Amino acid sequence: MESAALERISDALLTIHNPQVSNGARRIAQEFLDAVRKEDDAPLWGYHLAIHDPPRPDQIRHFGLSLLDHAILQHYAAYDFSRQLALRNWVVELVTAIRPNDAYYIKEKLASLWVAVAKRSWGAQQEEWGDMDEVLVGLWNLNPAARELSITIFRTLFEDVFILDDPLAGKRSGVLSAQCIEILTDDAILQQTYQTRDQAIRSLRFGREGWLVRWSRLLGECLDRGADESETEGFAIKVLQCLKTCLLWAFPSAIREADLLNRISQALTINNVKVRTWATDCLHILFTRTFSDNEDFRAVIGAVFLPAGIATLSQVYASIKLEIDDLDEDSYILLKKMVEMIVGLGEYLSLSETNKNSLPPEIDLNGYLDLVFATTQHESLIISGLSLQFWCSLLRVEELASRPQVGALLPRLLELTADRIIRYERVEEPTATKKFLEIDFDSMPEVHAFLGNYRRFIDDIARLVVCRMPIDSLLWLDMRLDKFFSSWHGWHSPGSPAALQKDPQFLVAYAQFSMVDAALRGISRWKSWYQEPDKKKVLESLNPIIERFCDRMLSMSVTDPVLLRKQIQTLVQFAPLMKDVSQTMFRVLERVLQACTFEYPPNISDEDMELIRDLRNKCSTELNRLAYLMPNALMGIYSDLERIINEIIASNKLSDHEIVSFLSFLLVVSQRSDAPNKAECFAKLVDPVLNSWTDEATVTGLSQLPWFMERVGIVEIANYFRGRGVDAKTDLLATPMDDTGRQLKTRLKDQWAKLFPIRATRIFIQYTIEKLDHSSQDFQRLLALWKPRVQPILPHILQLLAQIEAYNNPENWDNLPLEVRSFVKDSCVERFWQVGISLQSRDEFVEENVKAAQTLRDFADSLGHMLRYTREYAFLALGSITQLESTMYEIPGIGATLWAALAGQPQGITLHAWKHLVAFVVRPVVKNCPPELREVFFPDFLPAVLTQLESVVGSRWEDLTIRGLMGQVEEDDALSEEMMDEYLLRQFSSVVDRFLIDLVGPLTVTGAAGTAENNGDDKAIDKSKIDLRSYVLTHPVVLGPFLTLCTRLFTVRDTRCSYSCALMLRQIIPFMIGRYTEVDDYLCDVVIPSCLTILADAYFADVAGEASYVLTMIYTVLRGEYDRPFRKMQEVLSGATPDDMIALERELASVKTLRQQRGVMLEFLTVLKAVPDGPEGEVARRIARVKKEREKERKNKHSWAVARKVAEQEAAVDNVLEEGGLANLFGNDD
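These numbers come from a predicted model, not from an experiment. (Residues numbered from 1 in each chain as written. Predicted model: local features only at pLDDT ≥ 70, side-chain atom pairs only at ≥ 80, totals over all residues. Heavy atoms only, no water.)

## Observations regarding the overall build of the protein chain
A count of helical and extended segments in the protein chain gives 65 helices and zero strands. When burial is assessed residue by residue, the protein chain has 55% of its 1230 residues classed as buried. Excluding contacts between residues fewer than 6 apart, the proportion of contacts in the protein chain whose partners are at least 24 apart in sequence is 75%. For the protein chain, the computed accessible surface area is about 53,000 Å², with 51% contributed by carbon and sulfur atoms. (Helix = DSSP H or I, 4+ residues; strand = E, 2+ residues; numbered from the N terminus. Buried < 20%, exposed > 50% of the residue type's maximum accessible area, 1.4 Å probe, protein only. Contact = heavy atoms within 4.5 Å. Areas by Shrake-Rupley, 256 points an atom, 1.4 Å probe, with all protein chains shown as cover.)

Following this line, the structure appears as structure tokens:
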């Protein structure tokens, strides 16, 4: 019978792997094999299929091992001891019979099977596997193949117990970790370490020698032979792979006893890239682990910093040669790991002698700094970038930065930053650096993200170096500028601005200004940081240099808009450095004003016109920054400034936006200075703008939708369309614009610019109060001025928003003529371009929109843009108003009124608009609500917001899922549209997720990988966040909708949002569970099934770890209160019987920690097949966990450079308007 079964299984496997066999036969064979797994004799058949006698093909042996794997995973706990012992003995026999020519995957599967049994049964209790160490020692001594497999077994075991998120290892983590330490360490060291030892655990070891010593000895033998033979290379790599898994937790004394530092360092020096790479990994772990004893610390870390250690590292680094045109990828990987390890050692430089651990006094600091500097100079910016954070940290720590070795390096560091501050993304020459970038990154967005971060670090280093040596730095930089710009006319040739930017010298010129900008901020930092007695004397020497430097900058005649913009930004940096009021600074002001009114040459291209428009806008921001930097000096000439600006405005050469910027400049000067007539100046500038809100035409236009549509020009456009014979079927994009249309469009655009004073309102509020302490006299004075002015206009701002939403609501178009309805629909269309999603290139997208501007569609595009722009500024204005303390919040019923204006007609609100609504209004409104008004404002606002957002999130994700499942997307255009919808939906979901974090964050769950928000050091902010969380969790009217939205986001197919919500739930459950019956019922009825859904879906593999914690927390806590969790689990898990549930609860009660309880829960779900198998079995699960861990490791390597965190995404959202300029305006250097 047994023989016949084996033959049938073998035949079925051969059928499946035979390409000549029909699909039908292959399907029948697969169904048979699936049924085999469920047979009671399956593990016995698996054993016989896997043994060498008789010889069988590897695929048959592998299937036999998979049958054992399935039995261990699904049935081991249910087997009696005799069957468990039989399984264990079969695994040991198969491992012992290993042969050198066995396939790699057979060896790995055998090691995983061994570990799968060990995790369940290795121990000193009765009926446990007590002689495993003895068996492994026998395996070690058996033959080379068995020795190699024993090392693989240990590596696998250590990964599962200490590294991977293995639920079964977590269940027995305390026992398994103690047993691993016992057999790894020499008995003599354990006797020295512990006064008393657990004799049961001690009985598990075989002999007095620990495994670390065995592995070290083997590694030494391999290295002495050069590791250039396949066997010695293989053993060396296997040992290093195993050491990598245990160096983090092994006793330092055991590491020293085994002489592992020398052994691994020796591995670095041999001529084998693979061995060197694994050795580098081991050293990196060894150098970043904790040491509780200073003697151990100095023996490992201290030894590396000695001259011999630094010399070895330097030699190894220098020996790794790369040829960019014939790049050896393994050597490049080695170099990256090597540099990461070298730079990581820098963390120990700040340890002083008062620390528990400290470096010896004889360290070679010069040698180490020279080595790190060499890595920073590397042509690969990825390699170079690994050390940038090190230099920033070094130069900020006074104890380190003041050392003479660091001071000697500063000039070289300054020169390096001046060379590397180039905008490499615009370099077109095929330089080595450019080629490395092409190798390192797959897409341009990744390149831009990396280079942006790289430049920020370089800029910061330059700033900090100048702060350390201000005079020498400026003198050196002055010479460098003189050398470059003396040849200005040699390379600067006439031509369009856009063409000029492709000149390599343009990039160098831009870099010069960037370097000066960084240097000036370094001087500003020095003035606040340097407090030595000779400061006054140094300033006397420094001030003339600064003024001379500024004169040189002013003498440069720059006409290119992009360079001129950078020059203006740099000149403004001189303002805080000039002593008192100087004529030079007034020349700077004059130059800024000239740039703000830069003339548009006749007949220029659209591209060049855009560059000039950007110059004028950016320089307007710099003008306002100048007002912040020197308000008192400018107040002395306020009347002249007022006259000049009025003349500029009267020239009719400024756009409405530019006029607002000039007026805000006067407002900032008057309000930030010490002038006695602040209130008078305020009223003169602000009141005319705010009074226009109550203008009769504006009030009428905002009162009803028909009046609003007439106010924005719909009637005039409709009349023009009728005159052109346009009807609902007319293709506007194919109908050219005539002269009458162009005149109407020009007149409407002028009208739209002055239609609603929302931008001026927002800018005036924000610019006056920005970065003022709310307890300061200046803020309180401004609050007294703004409050009585804002409260009367707030209803009009809300009415404006309500009418825009009404305009976008298709249900309000029914009474419109068909041609007008069609036009309004077109005006509500949002057009986006996104790399990797849009079928068009960016240039094609821009070109299409330029062509559209010559057709009748431009009416729809322009009107739609104006309305969206107005809405975004209304959002921003409300965000600014929330900063005026109780101004908005004390208005009776404002919570309901506000939300009705924002989302009272949600039918026409797009995902893009929802994203801005939440980011610009909802989040500031909640965060800035005064604590004393929360009880009044929140009940009217938060429940409605949370409920509406849950509805939007749910319906949009369901719609997207249904479209995907039904296969509605066939054409490329439709696919691109769906991808864009998904992209926008993920962005919106991310913003909603951030809003939830605002309510209950920051996320600081113990054991979670990272936090979702950096809460800083400000205790007042911390208290405010804690109070807000307390409010949410103690008010059921808010907590209910919050939980509903959080659970909805938890289950959408966006792993980042889902993971974040899992962290949120895990954090807040202890604070709310057991407090409200309705909440407890919700956790049982909704959250538990949601957790099980996530655990059952392979898509949520990254979320499963936290979801299982949430599930375990809810079940273990609430099960003690009532039986609802029991019933719900059994209901959802259709395969779970009451006996299964009782057994689960017995196991849960037998372990102590949440991690162990989670392991019990996951094992229970695994047996019930309530979690996805993928390729079924314990081994397959383990492989998936290893891949996940390695992928996480890979992503984290350069997370500082590439990762786009939510905060950065929000910054990108802000740049839709002028928030990028505001960030510059209010930037702060530490």
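## Focus on the packing of helix H58 (residues 1101–1118) against helix H61 (residues 1154–1167)
Contact geometry for H58 and H61: axes closest at 9 Å, N-to-C directions at 100°. The pairing of H58 with H61 is recorded here as roughly perpendicular in orientation. Contact residues: Gly1105, Ser1108, Tyr1109, Leu1111, Thr1112, Met1113, Tyr1115 and Thr1116 in H58; Leu1154, Arg1155, Gln1157, Arg1158, Met1161, Leu1162 and Leu1165 in H61. Of the residues belonging to the contact of H58 with H61, the class tally is eight nonpolar, five polar and two charged. (Axes fitted to C-alpha atoms, helices over the stretch in contact; angles between N-to-C directions. Parallel < 35°, antiparallel > 145°, perpendicular 65-115°, else oblique. Nonpolar A, V, L, I, M, F, W, Y, C, P; charged D, E, K, R; others polar.)

## A look at the side chain of lysine 107
In this structure, lysine 107 sits in helix H6 (residues 104–121). Residue class for lysine 107 comes out buried when judged on its relative accessible area of 16%. In this structure, lysine 107 is in contact with Ile98, Arg99, Pro100, Asp102, Glu148 and Leu149, ignoring residues within four places of it in sequence.

## Observations regarding the packing of aromatic side chains
The final tally for this structure, using the stated rule, is 40 aromatic pairs. Taking the centre distance of 5.2 Å and the plane angle of 85° together, the rings of tyrosine 1099 and phenylalanine 1100 count as edge-to-face. For tyrosine 1099, a relative accessible area of 33% puts it in the partly exposed group. When its relative accessible area of 2% is taken as the criterion, phenylalanine 1100 is described as buried. What links up through ring pairs into an aromatic cluster is the set Tyr889, Trp899, Trp914, Phe937, Phe938, Phe941, Phe988 and Tyr1031. One residue, arginine 83, lies across the ring of tyrosine 79, its end atom 4.4 Å from the ring centre. Sitting over the ring of phenylalanine 373, arginine 412 keeps its end group 4.9 Å from the ring centre. (Phe/Tyr/Trp six-rings, centres within 6.5 Å; stacked < 30°, edge-to-face > 60°. Lys NZ or Arg CZ within 6 Å of the ring centre and 35° of its normal.)

## Things to note about the pattern of salt bridges
This structure, assessed with the given rule, holds 70 salt bridges. One salt bridge connects arginine 463 with aspartate 460, and the closest N-O pair in it is separated by 2.7 Å. Note that arginine 463 and aspartate 460 are positioned in helix H27 (residues 444–468) at a spacing of three residues, about one turn of the helix. A salt bridge links arginine 1048 to glutamate 950; its shortest N-O distance comes to 2.8 Å. (Salt bridge = Lys/Arg side-chain N within 4 Å of Asp/Glu carboxyl O.)

## Here we look at the packing of helix H37 (residues 638–650) against helix H38 (residues 656–672)
At a minimum axis distance of 10 Å, the contact between H37 and H38 shows a crossing angle of 170°. With respect to each other, H37 and H38 are oriented roughly antiparallel. Taken together, the residues of H38 that come into contact with H37 (itself represented by Tyr638, Leu641, Glu642, Ile645, Ile648 and Ile649) are Ile659, Phe662, Leu663, Phe665, Leu666, Val669 and Ser670. Counted by class, the contact of H37 with H38 contains 11 nonpolar, one polar and one charged residues.

## Remarks on helix H18 (residues 294–305)
Residue pairs spaced three or four apart in an α-helix point in one direction, given the helix's 3.6 residues per turn. For H18, the complete set of buried residues consists of Asp296, Phe297, Val300, Ile301, Gly302, Val304 and Phe305. The residue sitting at the N-terminus of H18 and contributing the capping side-chain oxygen is aspartate 293; that oxygen lies 2.9 Å from the backbone nitrogen of glutamate 295. (Polar contact = N/O pair within 3.5 Å; in protein donor to acceptor, adjacent residues only side chain to side chain.)

## Focus on the nonpolar core
By size, the foremost hydrophobic cluster in this structure holds 398 residues, and its most contacted members are Leu212, Trp215, Leu243, Trp786, Leu999, Phe1042 and Met1129. Residue contributions to this core peak at 15 residues, all from helix H45 (residues 777–808). Not counting residues up to four positions away in its chain, the partners in contact with leucine 999 are Val926, Leu942, Leu946, Leu1028, Arg1029, Val1032 and Phe1042. Formed by 15 residues, the second largest nonpolar core is a distinct cluster that contains Ile9, Ile16, Leu33 and Val36. (Core = buried A, V, L, I, M, F, W, Y, C linked by side-chain atoms within 4.5 Å.)

## Observations concerning the environment of leucine 243
Among the secondary structure elements, leucine 243 is positioned in helix H14 (residues 230–246). For leucine 243, a relative accessible area of 0% translates into the label buried. With 38 residues separating them along the chain, leucine 243 and aspartate 281 place their C-alpha atoms 9.6 Å apart. Contact partners of leucine 243, with chain neighbours within four places excluded, come to Leu212, Trp215, Leu219, Leu260, Ile264 and Cys282.

## A word on unusual backbone geometry
Across the junction of aspartate 53 and proline 54, the peptide omega takes the value 0°, indicating a cis bond. Of note, proline 54 is situated in the loop between helix H3 (42–50) and helix H4 (58–75). Positive phi values are uncommon outside glycine, yet aspartate 259 reaches one of about 55°. Turning to its location among the elements, aspartate 259 is positioned in the loop between helix H15 (252–257) and helix H16 (260–269). Of note, the phi angle at glutamate 885 is positive, near 50°, even though the residue is not glycine. By the secondary structure assignment, glutamate 885 is in the loop between helix H48 (857–881) and helix H49 (886–889).

## A few points about the confidence of the model for the protein chain
Low-pLDDT portions of the prediction should not be read for the details of their coordinates. Residues of the protein chain with pLDDT of at least 70 account for 89%, and the chain-wide mean is 88. Below pLDDT 50 for its whole length, residues 1005–1020 participates in 21 contacts with residues either more than four positions away or in separate chains. (pLDDT = per-residue confidence, 0-100.)

## Notes on a negative patch on the surface
A grouping of Glu323, Asp326, Asp328, Glu329 and Asp330 is seen on the molecular surface, where their side chains present a negatively charged patch. Tracing the backbone through its elements, the reader meets aspartate 328 in the loop between helix H19 (307–319) and helix H20 (329–344). (Patch = residues over 30% accessible without salt bridge, like charges linked within 9 Å, V, L, I, M, F, W, Y side chains within 5 Å. Lys, Arg positive; Asp, Glu negative; His and termini not counted. Charge placed at Lys NZ, Arg CZ, Asp CG, Glu CD.)

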